[in-house]
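# A look at the structure
Here is what each chain is made of, one letter per residue.
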Amino acid sequence: MASTLPSRRSFLALSGLTALSVSLTAACGAGGSGGGPTADGKVSFAWWNIATTEPGKSLFPQISAAFTAAHPDIEIHTTSLENEAFKSKLTATTSSGKLPDVFQTWGGGVLRQQVEAGLVEDLTDVFDWSSRLTPVSLQPYQFEGRSYAVPYDIGMVGFWYNKKLFARAGITAPPATWAAFLEDVRRLKAAGITPIALAGKEKWPGHYYWAYLAMRVAGLAALRQAAVTKDFTAPGFVRAGAHLKELVDLQPFQEAFLGAGYATPGGQAATMGNGRAAMELMGQWGPSVQQDAGAGLGADLGFFPFPTVDGGAGRATEVFGGGNGFALRKGAPKEALDFLRFLVLENQSKLVASGAYLPVVKGAESRLTDADRKVVAESLVKATGFQLFLDQAYPPAVGQEVNDSVADLIAGKKTPEQVTTSITEAAKSA
C-alpha cells in the first residue's frame, strides 16, 4: 500500500530561490499577491501551498472551506503548486517585490532573505498562541528572537536500523557514541552484513553525516555563528570531516553506492527496505519510502538518534531536520493569521491522523498510533536544540556547496580541510 507521507523532495526545499523551468499547476482558484476588502465588503487573501498530492490535496481545501463557512465575511483564494513549481513561481514574485498573503515556507536562508528584503510580516507580537507549539517546530522560522512563520509540520533525521541484522552481528543495543557506532560498523562487516545504505548519486543524504558531526563536534552555536561570519574553517568543522572520513575508510556502504539514487529501484531506500543493509540515516519519511521502494521491515525496523562524539560540544538531544510552515507577506490581512491558527490548532488532529504530518502542538504526539512516527515525534518533544537542514539553513549556493563538497569527501576526492575551505569560499561569495 502506498504511503501518504510526503517524499523527501516535497518535504524539503533544497534551493529555495533557484529559478526552475517547470510548468505551474494551480488548484482551487486563482491566487493574487495582495489581499484586502472585496467589492462586497468581504476580506480576501491569497494562500499558496504545495498540497498537490494526498492527503493535503483533499485535506487543505476541506480546512479552508470549514474556515470560510464559519467566517462568511472572508474569502480565501488558494493556489496549490507542485514543490519545484512553487519555488519557481515564488522566486518570480519575490523578485518583483510582491508575495502572496500566505505562502509555504521551510524557513532558513530563503526566508531570511525575504525578511531582510522587508517582504515578510514579523509575527512576534501577534503570535500569542505560539506558546502552545513545540519550541523545535518554531525554530526554523525565527531570526534574532523574532518569529516570521507558523509551523504546521516538523521532522528530524536519525538512524533507521534493522534489528534482525543488528542481532545477527551480536549488537544488543544501538550505539550512543561515535566510537561505538564505528565499532558496530566493523562488527556488521565482520558478520558479512552491509552496514549502511547511501544514495551517493543524490548528494543530499551524504550531507546529513557531515552536518550531524558538525553539530556533535563544533556545536549548534558554531554552525549558526559560521552562517554570520561566513567562515567554516574552524577546527570543529575540520574534525567533523575527519570523523566522517573515519567512517568512509571502513567502506560501510553498499556496492556501487556512488551511483545509487534514494527512492529509485535498487537505491538507498530499497536496499534498506529489502534487508540488504543494516542502517540508513534518514528523516521521518524513511520507513514509508523503504516500503514503497522495497519490501519494508515492519517490526524489525528501529530508530536511534545520531551518536554523540567524545569531547564534542553537542548533545544527543540536539536534532537535525526540517518542517513545513506558512509565512505572511508584509501587510497581509490580520484574518490570514486567524486562518493559520485555525489550520494548526483546530485541525491538528486531522493533520496528524492523515499520516503525512508530525505534530507541532504540544501533547499532540500522544495521538500518533504508527510506531515509527511516534518514536520520531517523541524524540522531537525531548529535543533541546534544533538545526535546520544545511541546504535550507544557508543561502542556496552555500547549501549546494555543502552537498557537493561532502559528496566529494565521501568519494575520496576532497580532504576534510578542503571541504571547509570550499564551503567558506561559497559563503563569502553568496
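Remember, predicted model here, so these are calculated numbers, not experimental data.

### Quick look at the nonpolar core
Trp-210, Leu-244, Leu-247 and Met-279 are the most contacted members of the largest nonpolar core, which has 114 residues in total. Sort the elements by how many residues they give to this core and helix 8 (residues 204–217) lands first, with 10 residues. In this view, Leu-244 contacts Tyr-209, Trp-210, Leu-213, Val-406, Leu-409 and Ile-410; residues no more than four positions away in its chain are not counted. Core analysis: the second largest hydrophobic core is formed by 17 residues, Ile-50, Phe-103, Leu-111 and Ala-327 among them.

### As for the packing of aromatic side chains
Counting across every chain of the model gives 36 aromatic pairs. Residues Trp-47 and Phe-326 carry aromatic rings whose centres are separated by 5.7 Å and whose planes lie at 70° to one another, so their mutual orientation is edge-to-face. Placement of Trp-47 in strand 2 (residues 43–49) and of Phe-326 in strand 10 (residues 318–328) is noted, with a sequence separation of 279 residues between them. The exposure class assigned to Trp-47 is buried, which follows from its relative accessible area of 0%. On the accessibility criterion, Phe-326 (1% relative accessible area) is buried. Aromatic side chains Trp-47 and Phe-339 sit 4.9 Å apart centroid to centroid with 70° between the ring planes, which places their arrangement in the edge-to-face category. Of the two residues, Trp-47 is situated in strand 2 and Phe-339 in helix 13 (residues 334–346); the sequence distance between them amounts to 292 residues. No difference in accessibility class separates Trp-47 from Phe-339, as the two residues are buried.

### So, helix 13
When the terminal C-alpha atoms of helix 13 are compared, their 18 Å separation across 13 residues agrees well with the 18 Å that a helix rising 1.5 Å per residue should span. Buried within helix 13 are the following residues: Glu-335, Ala-336, Leu-337, Phe-339, Leu-340, Phe-342, Leu-343, Val-344 and Leu-345.

### Digging into the confidence of the model for the protein
Mean pLDDT over the protein: 90, with 91% of residues reaching 70 or higher. The low-confidence segment residues 1–32 (pLDDT under 50) makes 97 contacts with residues lying over four places distant or belonging to another chain.

### Considerations on empty space enclosed by the protein
Per the stated rule, a full pass over the model turns up three cavities of 30 Å³ or more. Volume-wise, the second largest cavity comes out at about 50 Å³. Taken together, Thr-134, Val-136, Ile-154, Pro-359, Glu-365, Ala-377, Leu-380 and Val-381 make up the lining of the second largest cavity. At three residues, helix 15 (residues 371–381) tops the list of elements feeding residues into the lining of the second largest cavity. Here the lining of the second largest cavity is built from residues that sort into six nonpolar, one polar and one charged.

### Describing helix 17 (residues 396–410)
The end-to-end C-alpha distance of helix 17, which contains 15 residues, comes to 21 Å, matching closely the 21 Å that a straight helix rising 1.5 Å per residue would cover. Listing the buried residues of helix 17 in full gives Pro-396, Val-398, Gly-399, Val-402, Asn-403, Ser-405, Val-406, Ala-407, Leu-409 and Ile-410. In this structure, the buried residues of helix 17 make contact with helix 4 (108–116), helix 8, helix 10 (235–249), helix 16 (390–393) and helix 18 (416–429). Phi turns positive one or two residues past the end of helix 17, at Gly-412, with a value near 80°.

### Points about the pattern of salt bridges
By the definition in use, this model includes 13 salt bridges. The partner of Asp-122 in a salt bridge is Arg-146, with the nearest N and O atoms 2.9 Å apart. In this pair, Asp-122 sits in the loop between helix 4 and helix 5 (135–138) while Arg-146 sits in strand 6 (residues 146–147), placing the two residues 24 residues apart along the sequence. Assessed through its relative accessible area of 24%, Asp-122 is described here as partly exposed.

### Regarding the pairing of strand 10
The element strand 10 is largely enclosed, with a buried count of 11 among its 11 residues. Side-chain alternation along strand 10 places Glu-318, Phe-320, Gly-322, Asn-324, Phe-326 and Leu-328 on one buried face and Val-319, Gly-321, Gly-323, Gly-325 and Ala-327 on a second face that is also buried. Across four bridges, the pairing between strand 4 (residues 102–105) and strand 10 is antiparallel. Residue pairing across strands places Thr-105 opposite Gly-325, the latter belonging to strand 10. Of the strand pairs in this sheet, strand 7 (residues 150–162) and strand 10 are connected by six bridges, and their pairing is antiparallel. The residue of strand 10 that forms the bridge with Val-150 is Phe-326.

How each quantity is defined
Residues numbered from 1 in each chain as written. Predicted model: local features only at pLDDT ≥ 70, side-chain atom pairs only at ≥ 80, totals over all residues. Heavy atoms only, no water. Core = buried A, V, L, I, M, F, W, Y, C linked by side-chain atoms within 4.5 Å. Buried < 20%, exposed > 50% of the residue type's maximum accessible area, 1.4 Å probe, protein only. Helix = DSSP H or I, 4+ residues; strand = E, 2+ residues; numbered from the N terminus. Contact = heavy atoms within 4.5 Å. Phe/Tyr/Trp six-rings, centres within 6.5 Å; stacked < 30°, edge-to-face > 60°. Expected span 1.5 Å × (residues − 1). pLDDT = per-residue confidence, 0-100. 1 Å grid on protein atoms, 1.4 Å probe; cavity = no way out; pocket = protein on both sides within 12 Å on 5 of 7 lines; lining within 4 Å. Points joined across faces, edges and corners; volume = space filled by probe spheres on them. Nonpolar A, V, L, I, M, F, W, Y, C, P; charged D, E, K, R; others polar. Salt bridge = Lys/Arg side-chain N within 4 Å of Asp/Glu carboxyl O. Pairing = 2+ DSSP bridges.

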